[in-house]
Amino acid sequence: MRRIYQNISLVTILFLSVTALKAQDSTNVSIDPVLQSIFNSRSVKEYTIAGITVTGSKSFDQNLIISISGLAVGDKVQIPGTDLFSKAIMKLWKQSLVADIQIYLTKLEGSDLYLELAIKERPRLIDFKFQGVKKGDRDDLEGKVGLSKDRVLTENMRLSAVEAIKKFYNDKGYRNVVVDVDEQTAPESNNGILLTFNIKKGTKVRINSINFTGNEIVSDLKLKKQMKNTKEMNRMTLFPEKIESPYGDSSKGYTLKQYFKDYGYLSLTKTRDYFDPYVRIKGFSGSKFNDKKYQEDKVNVLNYYNAQGFRDAQLLADTTFYDHKGNLNVDIKLSEGRKYYFGNMVWTGNTKYADSVLNLFLGINKGDVYNLELLNKRLGKQLTAEGGDIGSLYQDDGYLFFRVEPIETAVYNDTIDFELRMSEGPQATYGKISVSGNDKTKDYVVLRELRTIPGEKFSRSDIIRTQRELAQLGFFNAETINPQITPNADNGTVDINWQVEEKSADQLELSAGFGGGIGLTGTLGVSFNNFSLKNITKRSTWDPLPSGDGQKLSARIQSNGKAYRSYSFSFTEPWLGGRKRNSFSISYFNTKYANPYDSFGNYCKSCAKNSYVKTVGFGVSLGKQLKKPDDFFNLIYSLNFQQYKLKNYLVSGFGGLKDGTSTNISLKITLLRNSAGPNPIFPTSGSNFMLSGQFTLPYSLMNIKAGDANQYKLPEFHKWRLNAEWYVPIGRARGPEKNRQFILKTAAKYGFIGKYNRNLDVSPFERFQLGDAGLSNTQALLGYDIIAHRGYPIYGSSDPKINPDGITPTDYFTIFNKYTVELRYPFSTSASSTIYGLAFFEAANGWYSFRDYNPFKLRRSAGIGARFFLPMFGLLGFDYGIGFDRYNQTSGLKGAAKFTFMLGQEPE
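Residues numbered from 1 in each chain as written. Predicted model: local features only at pLDDT ≥ 70, side-chain atom pairs only at ≥ 80, totals over all residues. Heavy atoms only, no water.

A. Structural detail: the overall build of the protein chain. Per the secondary structure count, the protein chain includes 14 helices and 40 strands. Relative to its full complement of 908 residues, the protein chain shows a buried share of 43%. When the accessible area of the protein chain is evaluated, it comes to approximately 47100 Å², of which 53% is carbon and sulfur surface. (Helix = DSSP H or I, 4+ residues; strand = E, 2+ residues; numbered from the N terminus. Buried < 20%, exposed > 50% of the residue type's maximum accessible area, 1.4 Å probe, protein only. Areas by Shrake-Rupley, 256 points an atom, 1.4 Å probe, with all protein chains shown as cover.)

Printed below as a string of structure tokens:
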């Protein structure tokens, strides 16, 4: 018995109707007359699906196919007149699992109808590979083609993969990529295939030239500068032929000198009738062509025109064509139009501020070049950190619902008048304030840093300041702190949800070093910057220690056995009492450095017992945030106790003293103002000032005179420090998120230690050591401030003409000056790592008395460096500096250079 079937393929899906079903027999055999009667009937009859079978399925369960089709045993179907079968085919096809679908009517028993779903499965991708390209490209392409192994493969997936490959190489400058796809049946696989993408990149296409026409006012060179990502090839072209002088040609309004300068002629020899341009350099950056960036650059050109007053400027046409070398030429046709200027600026709707005040903040006068972007910026259309615009003026006074619209009221000749229509709205207050994302840090730690207090008047500056304060905590990713502002116009309030992202704030130091005359030294240090002291007894909160209360706990151990060991510990509570920003800190350290050499310079273990310097110290400090002049100021009081014990250990500057104990008790008062931020690791704006005074009692009034066996038993001094740092962003922000920008850091530092009694020498303790990387060394045991000076070793002479190489200082300075200029650029500012490069210039020197002090007599250096901040390990830094005053003809530049390394924190 033959069967009646309906062959349904992709082409027939769109117009299939069961009423048009016909008996077909592609094999020219007889057909069951019972099944044939279904199609011969002239009236609609209802049938019941009594059974469904699936054939052709190799990988899928037949129940899955039936389920996807939507057909089920027991369904009623009317023939002719139903679309049930076409819907089943559509459902199967949408799943992209099959390449062909056929529905067969196999048997009819009364009104019971039996069906067969005959499918042809799509092949499965077993593996794919790339041929003709290097391994690095193959690795990159695997994640870009969108293919997954052991998945059904469709023709669309093949085409998408080919397009992804071409786009990958197009972005690299290869515009003529050819991709051939080779498909093979996978051995020992059921319906599996292997794909091989044979890639021919061709040669890289570079931009040979960019040509503008129609620009009568703005020069080609200025327009090319606006095309940041579409550049001509770097090349040097020699012109041996003579070019006729364009005397008398003033079509572009240039002087002759400016004419050639704009076209890149850098070296010219003027004769009577011609110019000889010896060198012409085109472009100074990559010249690969990227169509997406090219479209953006065309918009940049028009934006530049608009900023110059040409609001009617148009890009009429642009073409690209290849030269005989396969490089690309770009031709752009422009229409500049007329240059416009601002006319009268009329304010309406303003009741809070007078027109004169608004005009002062606007900063645009009649006759200024028309620039709509500048106008919108001065009106404060966008919330920015800089401020100084109309929007900031209103929003800092609570007018969150403030609106202003610039309306052109008249255009005459080259002048445009504006009406600035304002809607001030009511003053808003803070409503519900919440925080989210702080999975580790407790809510109250975050909320106490907020300047957005419920019930208080809304202020834009409060938002910006809060972002800085949260970033300064160091617990959250500074790049993702986001105030989600929800205005409520009906009741005049604004709800803010502060969204934060926790980052690792704890640090581990585990290292080993060799040197310093003591051999191999191991270091183990931990810093918990979000510690919780009150949960110390709750074992369930340890991970590895209790955290979330914003306290800081650190401990560090260094040792190499008998020659050197050091222990230190500190704890800080930033909000003592929990109500005000009053900090409390305690610290302790115990360090011993033994001389492991005998009098002949030979190493001996027993010598460490008989010759050493030991330092023990303890400190307590209390800080208070001030309200005046502003709340960036902090005043810190510190009481410090330090005891130095010498045993057969001769120290430079101690007048031959090598045995004895000295006790240093001092009070230090520090005034700080720190507005640098928002990221404490990589500040981009603001400043940091520090003025401190450290004082001991005037023990000379207690009859301790010079000449005693140990005149330094109770050292007396007054010590002053001044540090000032500024951070200024330079140029435009770059990067995919506009978060990369050059930052200029300038710094000036000064230090002085004096005495109360002119008959006594200045204390040998607490002096200033200059040079090298600023890392702690054995002199730090005596309380010295270690001042880094990149490009120089440690030096003890005030004369810059004396090369300090190979000279061990016999004494250290009582006065120093240091000036630094750094140009920084961030490569990464993410929560997982902060990386930036820098170029620096430094000048510093030290003196022993005011009689010799000369702030202009300095040692100078310059160089480059890099900083890496990893949350787990802290700050790492490398610098390569050249000391200009170390340079001499014998050793040359190499002898003046010095590589330095820093660890933990930025040196002074």
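Having seen the structure, we can now continue with the description.
B. Local environment of helix 13 (residues 460-473). A rise of 1.5 Å per residue sets the reference length of helix 13, with its 14 residues, at 20 Å; its end C-alpha atoms lie 21 Å apart and thus fit the reference within 8%. A large share of helix 13 lies buried, amounting to ten of its 14 residues. Two residues or fewer after helix 13 comes G474, characterised by a positive phi angle close to 85 degrees. (Expected span 1.5 Å × (residues − 1).)

C. Region of the structure containing the pattern of salt bridges. Applying the stated rule across the entire model yields 36 salt bridges. A salt bridge links E183 to R158; the nearest nitrogen and oxygen atoms lie 2.5 Å apart. Of this pair, E183 sits in strand 8 (residues 178-185) while R158 sits in helix 5 (residues 155-170); the two residues are 25 residues apart in sequence, bridging distant segments of the chain. Taking the relative accessible area as the measure of exposure, R158 reaches 13% and is therefore buried. A salt bridge links K442 to D549; its shortest N-O distance comes to 3.6 Å. One end of the pair, K442, is in the loop between strand 20 (429-436) and helix 12 (443-447); the other, D549, is in the loop between strand 24 (520-531) and strand 25 (551-559), and 107 residues separate them in sequence. Relative accessible area serves as the criterion here: at 2%, D549 is assigned to the buried category. Because the salt bridges share partners, they merge into one network encompassing E449, R451, R465, R468, E469, R581 and D631. (Salt bridge = Lys/Arg side-chain N within 4 Å of Asp/Glu carboxyl O.)

D. Examining a positive patch on the surface more closely. Positive charge collects at one region of the surface, where K134, K204, R206, K288, K292 and K293 lie side by side. Residue placement: R206 occurs in the loop between strand 9 (192-200) and strand 10 (207-213). (Patch = residues over 30% accessible without salt bridge, like charges linked within 9 Å, V, L, I, M, F, W, Y side chains within 5 Å. Lys, Arg positive; Asp, Glu negative; His and termini not counted. Charge placed at Lys NZ, Arg CZ, Asp CG, Glu CD.)

E. Here's a closer look at the environment of I199. With respect to the element layout, I199 can be found in strand 9. When the C-alpha positions of I199 and F130 are compared, they lie 7.1 Å apart, and in sequence the two are 69 residues distant. Here I199 is in contact with F130, Q131, G132, V133, L141, I165, Y169, V177 and V178, once residues within four sequence places are set aside. (Contact = heavy atoms within 4.5 Å.)

F. Molecular detail of the packing of aromatic side chains. The final tally for this structure, using the stated rule, is 35 aromatic pairs. With 5.6 Å between their ring centres and 80 degrees between their planes, Y394 and Y399 make a pair best called edge-to-face. Judged by relative accessible area, which is 0%, Y394 ranks as buried. Seen from their ring centres, Y644 and F765 are 4.3 Å apart, and the 15 degrees between their planes marks the pair as stacked. Here Y644 is found in strand 29 (residues 633-647), whereas its partner F765 is found in the loop between strand 33 (740-754) and strand 34 (768-770), with 121 residues between them in sequence. For Y644, a relative accessible area of 1% translates into the label buried. Counting every residue linked through ring pairs, the aromatic cluster contains Y750, F752, W847, F850 and Y853. (Phe/Tyr/Trp six-rings, centres within 6.5 Å; stacked < 30°, edge-to-face > 60°.)

G. Structural detail: the environment of V177. Here V177 lies in the loop between helix 5 and strand 8. Judged by relative accessible area, V177 falls into the buried class, the value being 10%. Taking the C-alpha atoms as reference points, V177 and K204, separated by 27 residues in sequence, lie 9.6 Å from one another. Once residues lying within four places of it in the same chain are set aside, the contact partners of V177 are K166, Y169, N170, I199, K200 and K201.

H. How the structure looks around the pairing of strand 38 (residues 859-870). Summarising the sheet, strand 37 (residues 834-847) and strand 38 pair through eleven bridges and their orientation is antiparallel. By the bridge assignment, A844 is partnered in strand 38 with R859. Two strands pair when backbone bridges link them, and strand 38 and strand 39 (residues 874-883) are joined in this way by ten bridges, in the antiparallel orientation. Residue pairing across strands places G863 opposite G881, the latter belonging to strand 39. (Pairing = 2+ DSSP bridges.)

I. Structural view of the nonpolar core. The biggest cluster of nonpolar side chains holds 29 residues, and the ones touching the most others in it are I38 and L113. Only helix 1 (33-40), strand 2 (45-55), helix 2 (62-69), strand 3 (76-79), helix 3 (84-94), strand 4 (98-109) and strand 5 (112-121) provide two or more residues apiece to this core. Beyond its immediate sequence surroundings of up to four residues, L113 is in contact with I38, Y47, T48, I49, A50, G51, V77, I79, L105, K107 and L108. Counting 22 residues, the second-largest nonpolar core is a separate cluster that includes Y430, I433, V446 and F475. (Core = buried A, V, L, I, M, F, W, Y, C linked by side-chain atoms within 4.5 Å.)

J. Local environment of the packing of helix 4 (residues 135-142) against helix 5. Two numbers describe how helix 4 lies on helix 5: the axes approach to 11 Å, and their chain directions differ by 130 degrees. One way to sum up the angle between helix 4 and helix 5 is to call them oblique. When the axes of helix 4 and helix 5 are compared, the crossing they make is right-handed. On helix 5, the residues touching D137, D140 and L141 of helix 4 are I165, F168 and Y169. Counted by class, the contact of helix 4 with helix 5 contains four nonpolar, no polar and two charged residues. (Axes fitted to C-alpha atoms, helices over the stretch in contact; angles between N-to-C directions. Parallel < 35°, antiparallel > 145°, perpendicular 65-115°, else oblique. Left-handed = near helix turned anticlockwise from the far one by under 90°. Nonpolar A, V, L, I, M, F, W, Y, C, P; charged D, E, K, R; others polar.)

K. Layout of the sheet that holds strand 21 (residues 482-488). Spatially, 20-22-21 is the arrangement adopted by the three strands of the open sheet, whose pairing is mixed. On the outer flanks of this sheet lie strand 20 and strand 21, each paired with one strand and no other. The sheet shows a mean angle of 20 degrees between the axes of neighbouring strands, direction not considered. Across six bridges, the pairing between strand 20 and strand 22 (residues 493-499) is parallel. If you follow S434 over to strand 22, its bridge partner there is N497.

L. Just the packing of helix 2 against helix 3, in detail. Where helix 2 contacts helix 3, the axes come no closer than 7 Å and their chain directions differ by 120 degrees. Of the residues in helix 3, those touching helix 2 at I65, I68 and S69 are A88, K91 and L92. Residue composition of the contact of helix 2 with helix 3, grouped by class: four nonpolar, one polar and one charged.

M. Spatial organisation of the sheet that holds strand 19 (residues 415-423). Spatial strand order, 17-19-18: three strands in an open sheet with mixed pairing. Each edge of the open sheet carries a strand with a single partner, namely strand 17 (341-348) and strand 18 (403-412). With direction set aside, neighbouring strand axes in the sheet form an average angle of 25 degrees. Two elements, strand 18 and strand 19, share nine bridges in a ladder whose sense is antiparallel. In the sheet register, Y412 faces strand 19, and the bridge partner there is T415. Its contacts with the sheet place helix 9 (residues 355-362) against strand 17 and strand 19, and it is angled at close to 140 degrees to strand 17. Strands strand 17, strand 18 and strand 19 of the sheet are contacted by helix 10 (residues 372-379), whose axis makes an angle of about 145 degrees with strand 18.

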